[in-house]
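# Coordinates in review
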Amino acid sequence: MDAFSYLSVLLSIILGLAITQVLKGFRGLMQSRARLRMYWPTVVWSILVLVIAVQSWWAMFDLRHHEDWTFFAFSVVLAQTIVVYLLAALVLPDFFGETGFDLRAHYYDHQRWFFALLIALIGVSIAKSRVVYGEWPHPLDLGFHLVFAATGIACARVRHPRFHEAMAASGVLSIGTYIALLFTHLT
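Bear in mind the structure is a predicted one, so any value in this text is a computation, not a measurement. (Residues numbered from 1 in each chain as written. Predicted model: local features only at pLDDT ≥ 70, side-chain atom pairs only at ≥ 80, totals over all residues. Heavy atoms only, no water.)

### Some remarks on the packing of aromatic side chains
What counts, and what does not: Classification of ring pairs uses Phe, Tyr and Trp, with its six-membered ring standing for Trp, and accepts pairs whose centres are within 6.5 Å; under 30 degrees between planes counts as stacked, over 60 as edge-to-face, and the remaining range as tilted.
Inspection of every chain in the model, using the stated rule, returns 12 aromatic pairs. An aromatic cluster is present here, built from Y39, W45, Y107, Y108, F114 and F115 joined pairwise through their rings.

### Things to note about the pattern of salt bridges
Filter applied, for reference: Salt bridges, as used here, are contacts in which a Lys or Arg side-chain nitrogen is within 4 Å of a carboxyl oxygen on Asp or Glu. For helices the rule is a DSSP run of H or I covering at least 4 residues; for strands it is a run of E covering at least 2, with both sets numbered from the N terminus onward. For every residue, the accessible area obtained with a 1.4 Å probe (protein chains only) is divided by the maximum for its type, and the residue is called buried under 20%, exposed over 50%, and partly exposed between those limits.
Summed over all chains, the structure comprises 2 salt bridges. Two residues, R37 and D102, come together in a salt bridge whose shortest N-O distance is 3.0 Å. Of the two residues, R37 is situated in strand 1 (residues 36-37) and D102 in strand 2 (residues 101-102); the sequence distance between them amounts to 65 residues. For R37, a relative accessible area of 47% puts it in the partly exposed group. Owing to a relative accessible area of 27%, D102 belongs among the partly exposed residues under this scheme. In this structure, the salt-bridge partner of R162 is E165, at a minimum N-O distance of 2.9 Å. Linking R162 with E165, this pair stays in helix 6 (residues 161-182), spanning 3 residues, or about one helical turn.

### Quick look at the environment of E165
Heads up, the rule is: By the convention used here, residues are in contact when the closest approach between their heavy atoms is within 4.5 Å. By the criterion applied in these results, polar contacts are pairs of N or O atoms within 3.5 Å in which, for protein atoms, one can donate a hydrogen and the other can accept it, and in which residues neighboring in sequence qualify only through two side-chain atoms.
Since its relative accessible area comes to 16%, E165 is described here as buried. Between the C-alpha atoms of E165 and L181, which are 16 residues apart in sequence, the distance is 25 Å. Contacts of E165, omitting those with residues within four sequence positions, involve Y39, W40 and P41. A distance of 2.9 Å separates a polar atom in the side chain of E165 from a polar atom in the side chain of R162.

### Describing empty space enclosed by the protein
This is how it is decided: The rule is simple: put a 1 Å grid over the protein atoms alone, call a set of points where a 1.4 Å probe fits but cannot get out a cavity, call an open set with protein on both sides within 12 Å along at least five of seven lines a pocket, and count a residue as lining if it has an atom within 4 Å of a point. Grid points are joined across faces, edges and corners, and a volume is the space filled by probe spheres set on the points. Just so you know the grouping, Ala, Val, Leu, Ile, Met, Phe, Trp, Tyr, Cys and Pro go in nonpolar, Asp, Glu, Lys and Arg go in charged, and all remaining residues, Gly too, go in polar.
In this structure the tally under the stated criterion is 1 cavity of 30 Å³ or more. There is about 50 Å³ of room inside the largest cavity. Counting residues per element, the lining of the largest cavity draws most heavily on helix 4 (residues 103-133), which supplies 5 residues. For the lining of the largest cavity, the class distribution of residues is 5 nonpolar, 3 polar and no charged.

### Re the packing of helix 1 (residues 3-31) against helix 2 (residues 40-59)
As a reminder of what qualifies: Lines are fitted to the C-alpha atoms to define the axes, a helix being fitted only along its stretch in contact, and any angle between axes, read from their N-to-C directions, falls within 0 to 180 degrees. Oblique is the label for any angle not under 35 degrees, not over 145, and not in the 65 to 115 range, which are roughly parallel, roughly antiparallel and roughly perpendicular in turn. Here is the rule for handedness: rotate from the far helix to the near one, and if that takes an anticlockwise turn smaller than a right angle the crossing is left-handed, while a clockwise turn gives right-handed.
Axis separation between helix 1 and helix 2 bottoms out at 10 Å; the angle between their running directions is 160°. With respect to helix 2, the axis of helix 1 lies roughly antiparallel. Seen along the crossing, helix 1 lies across helix 2 with a hand that is left-handed. Where helix 1 approaches helix 2, its residues S12, L15, A18, I19, V22, L23, F26 and L29 are matched on the opposing element by V43, S46, I47, V49, L50, A53, V54, S56 and W57. Tallied by class, the residues present in the contact of helix 1 with helix 2 amount to 14 nonpolar, 3 polar and no charged.

As structure tokens, this is what we get:
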């Protein structure tokens with residue numbers, strides 16, 4: 001067994017838990033629909049977190065070429081998956097009990113933490129390129145990272161609902177474009 005095959009097991013488990021967390025939230029949305037106050041940006045961001053988790057798993061296949069693993073390099077890659085899991089844990093509420101659920105209230109209760117984690121994810125992703133590959137991300141990839149970081153900073157600071165609605169919609173467009181331009185084929 002090569003090093004990447006061994007290390008990727010833990011990475012896959014954490015990303016699998018992140019995906020499970022979001023899917024469990026979707027299940028809660030369906031089961032609690034009669035007691036649910038919907039807020040569409042929450043649903044959009046939860047779908048985007050699911051896409052981010054899958055895209056992270058997809059992109060990590062490129063790490064199979066890396067042979068000089070150190071504990072530090074693995075820790076940075078591991079940190080990326082942990083942040084994705086934490087995003088998944090915050091994006092939707094835990095649907096327990098018989099009380100009602102307000103997705104708008106949940107969104108703004110966790111807005112700063114959620115977008116701070118998004119910013120951290122961008123930072124860890126850039127650090128991963130630097131630590132594992134010894135270089136900065138490709139300029140197009142880095143440009144998208146900077147756009148995502150700026151979005152995260154703005155969303156963490158601004159609380160206006162119309163702004164967050166616009167950012168959720170632009171998140172779909174920007175993440176969709178990012179994947180379409182850089183990750184359509186497994187390399």
